[in-house]
Amino acid sequence: MNHLTEFIKNNQSQTQKINLFQIEGPDDVEIATFILKYEFEPLVNFVERFAFDSDRKQVQKILIGLYLSQVPLYEIFDEVLTPVLHRIGEKWQNGEIQVLDEHLATDTLRDSLSRLQGVVRVPLPTRGKALCLMLPNEMHDIALKMTDYILEERGFEVYFGGAIPIPNFRLETIFSRIQPDRVYFSSTFVTNVSEGQGYLDEALQLCRELRAAAFVGGQGFSRLDFKHPSVVRRLQTFRELLLD
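Read on for a plain summary of the structure. (Residues numbered from 1 in each chain as written. Predicted model: local features only at pLDDT ≥ 70, side-chain atom pairs only at ≥ 80, totals over all residues. Heavy atoms only, no water.)

## Side note on the overall build of the protein
Point 1. Of the regular secondary structure elements, the protein holds nine helices and five strands.
Point 2. Sorting the 244 residues of the protein into buried and exposed places 45% on the buried side.
Point 3. Residue pairs at least 24 apart in sequence account for 72% of intrachain contacts in the protein once pairs closer than 6 positions are excluded. (Helix = DSSP H or I, 4+ residues; strand = E, 2+ residues; numbered from the N terminus. Buried < 20%, exposed > 50% of the residue type's maximum accessible area, 1.4 Å probe, protein only. Contact = heavy atoms within 4.5 Å.)

## Notes on the packing of aromatic side chains
Geometry of an aromatic ring pair is reported as the spacing of the ring centres plus the angle between the planes.
Point 1. Scanning the model with the defined rule gives five aromatic pairs in all.
Point 2. On the basis of an interplanar angle of 45 degrees and a centroid distance of 6.4 Å, the ring pair of Phe 34 and Phe 46 is categorised as tilted. Taken together, the positions of Phe 34 in helix 2 (residues 28–37) and Phe 46 in helix 3 (residues 40–52) put the pair twelve residues apart, joining distant regions of the chain. Taken individually, Phe 34 and Phe 46 each receive the classification buried, so the pair is uniform in this respect.
Point 3. By the ring-pair criterion, three or more aromatic residues cluster together here, those being Phe 34, Phe 46 and Phe 50.
Point 4. For Lys 145, the ring lying beneath its charged end belongs to Phe 160, and the centroid distance is 4.2 Å. (Phe/Tyr/Trp six-rings, centres within 6.5 Å; stacked < 30°, edge-to-face > 60°. Lys NZ or Arg CZ within 6 Å of the ring centre and 35° of its normal.)

## So, the packing of helix 6 (residues 99–117) against helix 7 (residues 142–154)
Point 1. Packing of helix 6 against helix 7 brings their axes to within 10 Å, and their N-to-C directions diverge by 10 degrees. As the angle between them shows, helix 6 and helix 7 are arranged roughly parallel. On the side of helix 6, the interface is formed by Thr 106, Leu 109, Arg 110, Leu 113, Ser 114 and Gln 117, while helix 7 contributes Ile 142, Lys 145, Met 146, Tyr 149 and Glu 152.
Point 2. In terms of residue class, the contact of helix 6 with helix 7 is built from five nonpolar, three polar and three charged. (Axes fitted to C-alpha atoms, helices over the stretch in contact; angles between N-to-C directions. Parallel < 35°, antiparallel > 145°, perpendicular 65-115°, else oblique. Nonpolar A, V, L, I, M, F, W, Y, C, P; charged D, E, K, R; others polar.)

Pasting the structure below:
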C-alpha cells in the first residue's frame, strides 16, 4: 500500500481524479462516486452511520479512499471526521444515545484512523521535534492523533504524549528529555479548571524556557487562560496546522 501511495504522490498530474475505492457492498458505488466528486457531506453521513454500526472496515475504506484520491489529510479531518465527531458529541449531550454508544462509535473512528496511518506517506523528519499532549482527565485523543498525523506528514519528528499520567512523569522531565521545538495541547472538555490551568501554566512556562512554540486546540480552552508569550495561536481547524 505504501508503494501505491508513493506512486500516486509522484504522479499527481497524471492521476488528478483517481479513485481507488474498492467496490464490495451495496453502498460502495455511491460512496465511490462521492469520493470522486469530493462531495463530503454525504460521506459524513456514511461515516457516522458506519461508526455507530462499529463498522471499522467501511470507515477505513472511506478514509483511505479519500487519501488515495489526493484529498489532503487536513481536509479529510476538517470536512469528514470532525463533523462526525461533533454529531456524536451532540447526540450524547442531547440524550439521544447512551455513553456506550458514544464510546463504541468514537473507538471505531479512532481505530479506522490508526489504519489510515499505515497508508500516509511520511517523509524523513527534518523540521524539528513536535510534542503532542492532552490536558489532565481528557478522555478523547482523536483530535490530537489527527494533529500528530499532519505534523508527521509535514516532516516533524512527533512525540505523542497523549494523556501522560503526571504523578508518575513530571512535565519538566518530559520536556527535558524530548527538547521539543513546538508543543501542541488538546482539550475537548475540562472537568477540573484549577487542575487544568495549573498543568497548562507549568507546561507553557517550560515552553518559554525551551523557546518552544505552543499551540492549543479544542473546546476545553474556552474555560482556560492560555494567553502566554509561548502560545502562537489557538487552532480552530486542522488546515491551520499548515500555517507555521
